[in-house]
Amino acid sequence: MSETHTTTPVFPPGRYGRRRDGRRKLAGPIIALALVVAVSVLISIKLYQRYGETDYQPQIVGWAEPSDTVMTIKFTVRVPAGGATECVLRARDYGGNEIGRRTVVVRAAAGETTIEAEEAVTTTERGSVGDVVGCHPAP
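Residues numbered from 1 in each chain as written. Predicted model: local features only at pLDDT ≥ 70, side-chain atom pairs only at ≥ 80, totals over all residues. Heavy atoms only, no water.

A. Broad picture of a nonpolar patch on the surface. A surface patch of nonpolar side chains, amounting to about 520 Å² of accessible area, comprises L35, V39, I43, L47 and Y51. Assignment of secondary structure puts L47 in helix α1 (residues 27-51). (Patch = residues over 30% accessible without salt bridge, like charges linked within 9 Å, V, L, I, M, F, W, Y side chains within 5 Å. Areas by Shrake-Rupley, 256 points an atom, 1.4 Å probe, with all protein chains shown as cover. Salt bridge = Lys/Arg side-chain N within 4 Å of Asp/Glu carboxyl O. Helix = DSSP H or I, 4+ residues; strand = E, 2+ residues; numbered from the N terminus.)

Next comes the structure, spelled out in C-alpha cells:
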C-alpha cells in the first residue's frame, strides 16, 4: 500500500483575503467580561450599603386591646447610638385586614442603641394583632 502525503493548499495571493493563523484572540472578550463583572460588583456593593441590612431593626414585644377602638403595641428597635427612628405600626383584625395604622417617631437616650416603646394605634374595630411594619431613620 502506498502512502499519499497531503500538502497544504496554495491559494493565489490577494484573491481570498488575509488568511488567519487559526488561533482565536480572546483578550478582548476576557477584558470585557472582567469589566462587566467589576462594574456589577461595585453596583451591588453600593445598593447593599443603601438598601441592605439596616441598623433600624424592629422587633414586636406584644400588644394589648384596651378598647374596641385602640390597640397598644409594644416594640423594641435597634438604632445607632443616640439615634431616632420613624416606625410604621399596624393593627389588624382576626381576618388579617388592616384596621389601623400609625407612624411614630421614637428617640433613644444618649448613648443607647435600643429603644423600648409602647404606642397606641387608633382602630376602626376591635383588633387582634399588632405589627411593626418597618422602621427607618427619622427625618
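Moving on from the model shown.
B. Main features of the sheet that holds strand β4 (residues 98-107). An order of β4-β3-β6 is seen for the three strands of this open sheet, with the pairing classed as antiparallel. Where the open sheet ends on each side, the last strands, each with one partner, are β4 and β6 (129-137). Direction aside, neighbouring strands of the sheet carry axes that sit 20° apart on average. (Pairing = 2+ DSSP bridges. Axes fitted to C-alpha atoms, helices over the stretch in contact; angles between N-to-C directions.)

C. Structural context of the nonpolar core. Counting 18 residues, the largest nonpolar core has F75, C87 and L89 as its most contacted members. The set of elements that each furnish at least two residues to this core consists of β2 (70-78), β3 (84-92), β4, β5 (114-122) and β6. Of all the elements, β2 adds the most residues to this core, at four residues. Leave out the neighbours within four places in its chain, and C87 touches F75, V77, R102, T103, V104, V132, G134 and C135. (Core = buried A, V, L, I, M, F, W, Y, C linked by side-chain atoms within 4.5 Å. Buried < 20%, exposed > 50% of the residue type's maximum accessible area, 1.4 Å probe, protein only. Contact = heavy atoms within 4.5 Å.)

D. The arrangement of the sheet that holds β5 in detail. Read across the sheet, three strands follow the order β1-β2-β5 without closing on themselves; strand pairing throughout is antiparallel. The two strands at the open ends of the sheet, each matched to only one other strand, are β1 (57-67) and β5. For this sheet, the mean inter-axis angle between neighbouring strands, taken without regard to orientation, is 20°. Examined bridge by bridge, β1 and β2 share eight bridges and lie antiparallel to one another. Within the sheet, the bridge partner assigned to P58 lies in β2 and is V77.

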